[in-house]
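Below are the chains, spelled out letter by letter.
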Amino acid sequence: MTSSSLLSITTFLYFGTALGYLVALVFKSPKTAKLSSYLAWITTAVQTAAIIIRWVESYHLGVGHAPMTNMYESLIFFAWCIVLAYLLLELKYDHRGLGAAIAPFAFLAMAYASFGQDTGIKPLIPALKSNWLIAHVVTCFLGYAAFAVACGSGIIYLFFGRDDSKNRMLPGRDILEEVIYQTVLVGFLLLTAGIATGAVWADQAWGTYWSWDPKETWSLITWFVYAVMIHARLMRGWRGRRIAWMSLIGFGTVLFTYFGVNMLLAGLHSYA
């Protein structure tokens, strides 16, 4: 079976996963949530296999490279990172209701990749031929995934959160707030590493660490938004709804950095 076939299956499985989590939350059904969790693990395994197969396929075509060099491949990797980050969170807190707000991000990423992008495996342009490629992409997208989890948790806090920590489907608001802050902190550290590795890569590719390219600029804006959020939490004592709203605003800057810059602002990163 080809990677394309497996990735198509993955898209539909993510839809089933997201729908299952939503049904479980609305009808407060732990059994449905548990089935959705099993499906999420199965889908992640299928997607992992698809990514590995696509990597092997690129070598068979004579252009061997990690499958994360264009919008299609990055969307696939982004979805994989989101679900993996969420499942690790689920293992820690054992509250599956959060999946209703997080799993849809993975499905939407896969759907956009499947129906709106060039799926072909192509040779790398010279700027991408670097050992820093994997380090830069992996750190950035793991950071983005952490921010997606924080955003989903913020949505749950704002619209579904309860003070009753005994609610079987959702953690109490104190735990939700902790989840938001911790995932933002992890994402911030990973984004910092991503910007740093990108700067080293840029120096190798273009002879300068920083060129104020639109993608670089908006990555820095995103970094500052989350830095402000962390500062507000630690120094100003921001909690509750303020932190939840900041998680949504921050993820908005992530999405613009990822999608908006490519669509609206031409620059050195236009190939991505």
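In what follows, the accompanying structure is described. (Residues numbered from 1 in each chain as written. Predicted model: local features only at pLDDT ≥ 70, side-chain atom pairs only at ≥ 80, totals over all residues. Heavy atoms only, no water.)

On to helix H6 (residues 173–206). With 34 residues, H6 should reach 50 Å at 1.5 Å per residue; the first-to-last C-alpha distance of 47 Å fits that figure. In the segment just after H6, Gly-207 is the residue with positive phi, at about 80°. (Helix = DSSP H or I, 4+ residues; strand = E, 2+ residues; numbered from the N terminus. Expected span 1.5 Å × (residues − 1).)

The backbone of Asp-94 sits at a positive phi, close to 55°, despite the residue not being glycine. Within the secondary structure, Asp-94 sits in the loop between helix H3 (71–93) and helix H4 (99–116).

Below, the discussion takes up the pattern of salt bridges. With the rule as written, the count across this model stands at 6 salt bridges. In this structure, the salt-bridge partner of Lys-122 is Asp-118, at a minimum N-O distance of 2.5 Å. What makes Lys-122 partly exposed here is its relative accessible area of 48%. Note that Glu-177 is salt-bridged to Arg-233, the shortest N-O span being 3.4 Å. Of this pair, Glu-177 sits in helix H6 while Arg-233 sits in helix H7 (residues 214–235), and the two are 56 residues apart along the sequence. (Salt bridge = Lys/Arg side-chain N within 4 Å of Asp/Glu carboxyl O. Buried < 20%, exposed > 50% of the residue type's maximum accessible area, 1.4 Å probe, protein only.)

A few words on the nonpolar core. Ile-82, Phe-141, Tyr-226 and Phe-251 are the most contacted members of the largest nonpolar core, which totals 76 residues. Put simply, the parts of the chain that give this core at least two residues each are helix H1 (3–26), helix H2 (30–60), H3, H4, helix H5 (132–159), H6, H7 and helix H8 (241–264). Ranked by residues supplied to this core, first place goes to H3 with 15 residues. (Core = buried A, V, L, I, M, F, W, Y, C linked by side-chain atoms within 4.5 Å.)

In this description, an aromatic ring pair is defined by two values, namely the gap between the centres and the angle between the planes. With the rule as written, the count across this model stands at 18 aromatic pairs. Each ring, one from Tyr-258 and one from Phe-259, has its centre 4.4 Å from the other, and the planes form 35°; the classification is tilted. Note on accessibility: Tyr-258 and Phe-259 belong to one class, buried. Every member of this aromatic cluster is reached through a ring pair, and the members are Phe-77, Phe-78, Trp-80, Tyr-112, Phe-141, Tyr-144, Tyr-258 and Phe-259. Lying across the ring of Tyr-157, Arg-173 places its NZ or CZ 5.0 Å from the centre. Over the aromatic face of Tyr-181 sits the side chain of Arg-233, whose NZ or CZ is 4.6 Å from the ring centroid. (Phe/Tyr/Trp six-rings, centres within 6.5 Å; stacked < 30°, edge-to-face > 60°. Lys NZ or Arg CZ within 6 Å of the ring centre and 35° of its normal.)

As far as function goes, none of this settles anything; it's purely spatial.
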